[in-house]
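Now for the letters of each chain:
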Amino acid sequence: MSEIVYEAELRPESRQAVVDGLVAFNRSQTPDFTGQFGTIGLMLRHPETGATDGGLTARIGFGWMFVELLFVPERLRGQGVGRQLMEQAEVVARQHDCTGIWLDTFSFQAPGFYAKLGYAVFGEIANYPPGHSRYFLHKHLS
């Protein structure tokens, strides 16, 4: 039996041990799956400083892309930058032979934005955070 040890600040090597074990198990259960796994980024660079000031990060696995993070700085909002990032993510997903894309967002963030792009809600956690909801959306790629 193993001992349960609380880490108030998760150590990188502890997280990696869990990831490695889970990935090995998942691959043992899906031996016929030969798709790609990995992470991608579509970064927004500030024109004057060259610093990354927004963008999109995603993970690819089991034939789907998961959009983990999407942030557009205030100065670029309302100009179609978020739409362009999501469209480019779809291009990358297709290049990796993904069946679709999924993501989550809070009610105070952008559920309407994703709906306009063809994403459908498949789950909701009400009152998370309190007074709001967390939505889970997906889109099948054709």
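Use the structure listed above.
Residues numbered from 1 in each chain as written. Predicted model: local features only at pLDDT ≥ 70, side-chain atom pairs only at ≥ 80, totals over all residues. Heavy atoms only, no water.

### Structural notes on the sheet that holds strand 2 (residues 52-61)
Read across the open sheet, the 6 strands follow the order 1-2-3-4-6-5; overall the sheet is mixed. Two strands close off the open sheet at either side, each with one partner strand: strand 1 (38-45) and strand 5 (120-126). Each strand axis lies, on average, 20 degrees off the axis of its neighbour in the sheet, ignoring direction. Both strand 2 and strand 3 (residues 64-71) contribute to a ladder of 7 bridges, which runs antiparallel. Counted as the bridge partner of Ala 58 is Val 67 from strand 3. (Pairing = 2+ DSSP bridges. Helix = DSSP H or I, 4+ residues; strand = E, 2+ residues; numbered from the N terminus. Axes fitted to C-alpha atoms, helices over the stretch in contact; angles between N-to-C directions.)

### What about the pattern of salt bridges?
Side chains that differ in charge, positive against negative, can pair when their charged atoms come close. Evaluation of the coordinates by the stated rule reveals 9 salt bridges. Note that Arg 83 is salt-bridged to Glu 87, the shortest N-O span being 3.2 Å. Residue Arg 83 and its partner Glu 87 are both found in helix 2 (residues 81-95); the two are separated by 4 residues, about one turn of the helix. Overall, the relative accessible area of 37% leaves Glu 87 in the partly exposed class. Because the salt bridges share partners, they merge into one network encompassing Glu 7, Arg 11 and Glu 13. (Salt bridge = Lys/Arg side-chain N within 4 Å of Asp/Glu carboxyl O. Buried < 20%, exposed > 50% of the residue type's maximum accessible area, 1.4 Å probe, protein only.)

### Considering the side chain of Ser 133
Topologically, Ser 133 is positioned in strand 6 (residues 133-140). There is a polar contact of 2.7 Å between the side chain of Ser 133 and the side chain of Glu 124. Ignoring any residue separated from it by four or fewer positions in sequence, one finds Ser 133 in contact with Thr 105, Phe 106, Ser 107, Glu 124, Ile 125, Ala 126, Asn 127 and Tyr 128. (Polar contact = N/O pair within 3.5 Å; in protein donor to acceptor, adjacent residues only side chain to side chain. Contact = heavy atoms within 4.5 Å.)

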